[in-house]
Amino acid sequence: MKLSGSLAVLAAAGAQAHYTFAGTLYNGQRTADWEAVRMTENRYHNGPITDVRSEAMTCYELNPGRGAARTLGVTAGSTVSITTGGGTSIFHPGPTHFYLAKVPAGQTAATFSGKGAVWFKIAQDQPRGLGTGSLSWETEGKSQVSVRIPQCVQNGEYLLRVEHIALHSASAPNGAQLYISCAQLNISGGSGSIKTGNLVAFPGAYSATDPGILFNPYYPIPTRYINPGPAVATC
Ligand SMILES: *[C@@H]1O[C@H](CO)[C@@H](O)[C@H](O)[C@H]1NC(C)=O
Ligand SMILES: [Cu+2]
């Protein structure tokens, strides 16, 4: 009894240290958790992906093929926030990346798998404190992350892939923790002139030895951080 009690406490502590991305916040309106964001495999345990070659790297879906109920209409140039689920927050230090994949003709944001070379990056962040021995990240402790949808995207339905890479254990192979979700968007008002560069696939875009994945945040004191994946698309 005593043992199972302390195990339960440990399990709860682990779940608290992890997190999910579950909702959207747009123009002051929140969606319910998993309404416009596809339900993720870590919905209940909150845990991360640690193998960047895993098929879960696409959208970390609990039920691949079953989209979310809603596709959120947004305007190009506006800001979309993704909120953490189940009372969790972004407990660990590390970068946040946002990617978009345009839904192919004949499919919808609710049916598109997101597989294949379809993704381009629209945002990434860098730590403060490089060279000081004390790195910090904008999103640490927050319960939402935000991205501006580029004004120059093409109109249409998209998957928006949010990814937070926790780096606290990333100095060992497969030590980085990836927290991922995909929201379903319908973007309007875009100019269409975006230069995406080469589209990338998840899994595929990252390797376990990328310097932004296998990264010691403590020693030697890092003087730079190289975000994994492609450069951010430009207008
Ligand atoms: C996407 O948004 C456009 C512009 O508001 C609208 O005309 C279209 O019906 C929307 N598509 C879907 C599937 O909701
Ligand atoms: Cu954790």
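Small disclaimer: the values here were computed from a predicted structure and weren't measured.

A. Structural detail: the packing of aromatic side chains. For the structure on display, the rule yields 7 aromatic pairs. Measuring from ring centre to ring centre gives 5.4 Å for Trp-137 and Tyr-225, while their planes differ by 90°; the resulting arrangement is edge-to-face. One end of the pair, Trp-137, is in the loop between β6 (119-124) and β7 (144-148); the other, Tyr-225, is in the segment after β9 (177-188), and 88 residues separate them in sequence. Using a relative accessible area of 4% as the deciding quantity, one classes Tyr-225 as buried. Measuring from ring centre to ring centre gives 5.0 Å for Phe-215 and Tyr-225, while their planes differ by 90°; the resulting arrangement is edge-to-face. On the criterion of sequence distance, the pair formed by Phe-215 in the segment after β9 and Tyr-225 in the segment after β9 is long-range, its members being 10 residues apart. Residues Phe-215 and Tyr-225 agree in their burial class; the two are buried. Every member of this aromatic cluster is reached through a ring pair, and the members are Tyr-99, Trp-119, Phe-202 and Tyr-206. Geometry around Phe-202 places Arg-161 over its ring, the cationic atom sitting 3.6 Å from the centre.

B. Spatial organisation of the site of ligand 1. Neighbouring ligand 1 are Glu-157, Asn-186 and Ser-188. At 2.4 Å, a side-chain N or O of Asn-186 approaches an oxygen atom of ligand 1. The fraction of the free accessible surface of ligand 1 (360 Å²) that becomes covered by protein chains is 28%.

C. Expanded view of the UniProt feature "domain: Auxiliary Activity family 9 catalytic" (unreviewed entry) in the chain. Feature annotation in UniProt assigns "domain: Auxiliary Activity family 9 catalytic" (unreviewed entry) to the following positions: residues 18-221. Secondary structure across residues 18-221 comprises 0% helix and 29% strand; the distance between its end C-alpha atoms is 25 Å.

D. Spotlight on the environment of Val-147. When you line up the elements, Val-147 lands in strand β7. Along the backbone, Val-147 and Leu-62 are 85 residues apart, and their C-alpha atoms lie at a distance of 24 Å. For Val-147, the contacting residues outside a window of four places in its chain are Ser-78, Thr-79, Val-80, Phe-98, Ile-122, Ala-123 and Leu-160.

E. Expanded view of the layout of surface pockets. Size it by volume and the largest pocket reaches roughly 170 Å³. Taken together, 15 residues line the largest pocket, and the ones lying closest to its centre are Thr-58, Glu-61, Pro-64, Ser-113 and Lys-115. Grouping the amino acids of the lining of the largest pocket by side-chain chemistry returns 6 nonpolar, 4 polar and 5 charged.

F. Quick peek at the environment of Ser-136. Here Ser-136 shows up in the loop between β6 and β7. Judged by relative accessible area, which is 25%, Ser-136 ranks as partly exposed. Leave out the neighbours within four places in its chain, and Ser-136 touches Pro-127 and Arg-128.

G. Summary view of the sheet that holds strand β2 (residues 29-30). Pairing within the open sheet is antiparallel, and its 4 strands lie in the order β2-β1-β4-β7. Edge positions in the sheet fall to β2 and β7, since each has one partner strand and no second. Here strand β1 (residues 21-26) runs beside strand β4 (residues 79-84); their pairing, made up of 4 bridges, is antiparallel. Pairing of Leu-25 across the sheet is with Ser-81, part of β4.

H. Representation of the coordination of the copper ion (ligand 2). With distances of 2.0 to 2.6 Å, the protein atoms coordinating the copper ion (ligand 2) are Ala-17 (O), His-18 (ND1) and His-92 (NE2). Counting gaps between the donor residues of the copper ion (ligand 2) yields the pattern A-H-x73-H. Residue Ala-17 shares its accessibility class with His-18, and that shared class is buried.

I. View of the state of the cysteines. Evaluated as defined, the whole model comprises 2 disulfides. Note that Cys-59 is cross-linked by a disulfide to Cys-182, the S-S spacing being 2.0 Å. The sign of the -85° torsion about the S-S bond sets the Cys-59-Cys-182 disulfide as left-handed. On the criterion of sequence distance, the pair formed by Cys-59 in the loop between β2 and β3 (72-75) and Cys-182 in strand β9 is long-range, its members being 123 residues apart. One exposure class covers both Cys-59 and Cys-182, and it is buried. Listing the disulfide partners of the chain by sequence rank of the bonded cysteines yields 1-3, 2-4.

Cut-off values and rules
- Residues numbered from 1 in each chain as written.
- Chains lettered and ligands numbered in written order.
- Predicted model: local features only at pLDDT ≥ 70, side-chain atom pairs only at ≥ 80, totals over all residues.
- Heavy atoms only, no water.
- Phe/Tyr/Trp six-rings, centres within 6.5 Å; stacked < 30°, edge-to-face > 60°.
- Helix = DSSP H or I, 4+ residues; strand = E, 2+ residues; numbered from the N terminus.
- Buried < 20%, exposed > 50% of the residue type's maximum accessible area, 1.4 Å probe, protein only.
- Lys NZ or Arg CZ within 6 Å of the ring centre and 35° of its normal.
- Near = heavy atom within 4 Å.
- Polar contact = N/O pair within 3.5 Å; in protein donor to acceptor, adjacent residues only side chain to side chain.
- Areas by Shrake-Rupley, 256 points an atom, 1.4 Å probe, with all protein chains shown as cover.
- UniProt positions renumbered as here; feature names shortened; annotations may be inferred.
- Contact = heavy atoms within 4.5 Å.
- 1 Å grid on protein atoms, 1.4 Å probe; cavity = no way out; pocket = protein on both sides within 12 Å on 5 of 7 lines; lining within 4 Å.
- Points joined across faces, edges and corners; volume = space filled by probe spheres on them.
- Nonpolar A, V, L, I, M, F, W, Y, C, P; charged D, E, K, R; others polar.
- Pairing = 2+ DSSP bridges.
- Donors = N, O, S within 2.8 Å, 3.2 Å for Na, K, Ca; no water.
- Disulfide = S-S within 2.5 Å.

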